[in-house]
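Structure assessment
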Amino acid sequence: MPGLDEVLYYLSGIYLLLKQKQEGFGWLDLTLRGLVRSFWAFAWCLPAFAVIWASWRLYYLAGMPAGTPAGAGFVIRLLVIDIVGWLLPLVLLVALARLLGYGRFLATVVTASNWISVPFAYAAALPFALSLVLPQSAPFAGLLLYAVFGASVVLQFRLVWMCVGKQNLLAAAITAIYVLPPMIVGQELQRILGMLPG
């Protein structure tokens, strides 16, 4: 598992790419080994996910009858939803690579997108942490979450745009793959797995 220094090194490259600086690619390990190691980003996101899960658990219990169980099984189901949300875009990207003609960019897009998920996860956890500490701040936390989501979509597009040679339509298509399917499938899984209150 990459250590903190290594993760921060990669994130420095991501930051440079977001500033449209080509040298950012030199800060990333874009070899096959680097691609495989980039999936450790999910493990680095787990503390942020734990905050989100804890907040969702309280939201769920608040809308359910007293005594409703929400223990380890509840957390495992949340973990499954997040794993599916992480892997689904990758499966779609691989499946559509030849059709959309971005095969030569695929490893770079996946590696960079895996690492940018780390700051995205912690940014998304902030509104949930706020609602945990200050329950009365829920309306503001909701607005903050929308702001974080909007910013993450813009930054994801900007990163992918750099990774695919600044092709606008291709970057938009890949960004949509990263954003829409996990959102749609995640909501459906929440319903199927009984993660919604009421």
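Look up: the structure comes first, before these words.
Below, the structure is looked at part by part. Given the structure is predicted, the values throughout are model-derived calculations rather than measurements.

Next up on the list: helix 4 (residues 72-100). Spacing of three or four residues puts side chains on the same side of an α-helix, whose turn is 3.6 residues. Helix length check: helix 4 (29 residues) gives 41 Å between terminal C-alpha atoms against 42 Å at 1.5 Å per residue, within 8%. By the largest-angle criterion, Val94 marks the main kink of helix 4, which is about 30 degrees. Here helix 4 has its buried residues at Phe74, Leu78, Ile81, Trp86, Leu88, Pro89, Leu90, Leu93 and Ala97. Of the residues one or two after helix 4, Gly101 is the one with positive phi, at around 70 degrees.

Even without glycine at this site, Gln20 takes up a positive phi of about 65 degrees. The exposure class of Gln20 is partly exposed, given its relative accessible area of 36%. Even without being glycine, Lys166 reaches a positive phi, approximately 60 degrees. Within the element layout of this structure, Lys166 appears in the loop between helix 6 (138-163) and helix 7 (168-192).

Moving on: the layout of surface pockets. Here the largest pocket is characterised by a volume of approximately 1,800 Å³. The residue makeup of the lining of the largest pocket, split by class, is 31 nonpolar, twelve polar and one charged.

Inspection of the secondary structure puts Ala176 in helix 7. What makes Ala176 partly exposed here is its relative accessible area of 31%. Considered as a pair, Ala176 and Pro89 are 87 residues apart in the sequence and their alpha carbons are 9.2 Å apart.

On the surface, a nonpolar cluster with roughly 430 Å² of combined accessible area is contributed by Phe149, Leu180, Met183, Ile184 and Val185. Counting through the fold element by element, Leu180 comes out in helix 7. Given a relative accessible area of 46%, Leu180 falls into the partly exposed group.

Right, let's get into the pattern of salt bridges. Between side chains of opposite charge, a pair can form when the charged atoms approach closely. Enumeration over the complete set of coordinates arrives at three salt bridges. For Asp29, the salt bridge identified is with Arg33, shortest N-O distance 3.9 Å. Of the residues examined, Asp29 reaches a relative accessible area of 18% and is grouped as buried. Take Arg33: its relative accessible area is 53%, and that puts it in the exposed class.

What follows concerns the packing of helix 1 (residues 4-18) against helix 5 (residues 106-133). Taken N-terminus to C-terminus, the directions of helix 1 and helix 5 make an angle of 100 degrees; their axes are 10 Å apart at the nearest point. Relative to helix 5, helix 1 is oriented roughly perpendicular. Contact residues: Val7, Tyr10, Leu11, Ile14 and Leu18 in helix 1; Ala112, Trp115, Ile116 and Pro119 in helix 5. Its residues assigned to classes, the contact of helix 1 with helix 5 shows nine nonpolar, no polar and no charged.

Here helix 7 contains 25 residues, and its C-alpha end-to-end distance of 36 Å stays within 8% of the 36 Å for a straight helix at 1.5 Å per residue. Ala176 marks the point of greatest bend in helix 7, at about 25 degrees. Just downstream of helix 7, Gly194 is the residue with a positive phi angle, here 70 degrees.

Rules used in this analysis
- Residues numbered from 1 in each chain as written.
- Predicted model: local features only at pLDDT ≥ 70, side-chain atom pairs only at ≥ 80, totals over all residues.
- Heavy atoms only, no water.
- Helix = DSSP H or I, 4+ residues; strand = E, 2+ residues; numbered from the N terminus.
- Expected span 1.5 Å × (residues − 1).
- Bend = angle between axes of the 7 residues up to and from the residue.
- Buried < 20%, exposed > 50% of the residue type's maximum accessible area, 1.4 Å probe, protein only.
- 1 Å grid on protein atoms, 1.4 Å probe; cavity = no way out; pocket = protein on both sides within 12 Å on 5 of 7 lines; lining within 4 Å.
- Points joined across faces, edges and corners; volume = space filled by probe spheres on them.
- Nonpolar A, V, L, I, M, F, W, Y, C, P; charged D, E, K, R; others polar.
- Patch = residues over 30% accessible without salt bridge, like charges linked within 9 Å, V, L, I, M, F, W, Y side chains within 5 Å.
- Areas by Shrake-Rupley, 256 points an atom, 1.4 Å probe, with all protein chains shown as cover.
- Salt bridge = Lys/Arg side-chain N within 4 Å of Asp/Glu carboxyl O.
- Axes fitted to C-alpha atoms, helices over the stretch in contact; angles between N-to-C directions.
- Parallel < 35°, antiparallel > 145°, perpendicular 65-115°, else oblique.
- Contact = heavy atoms within 4.5 Å.

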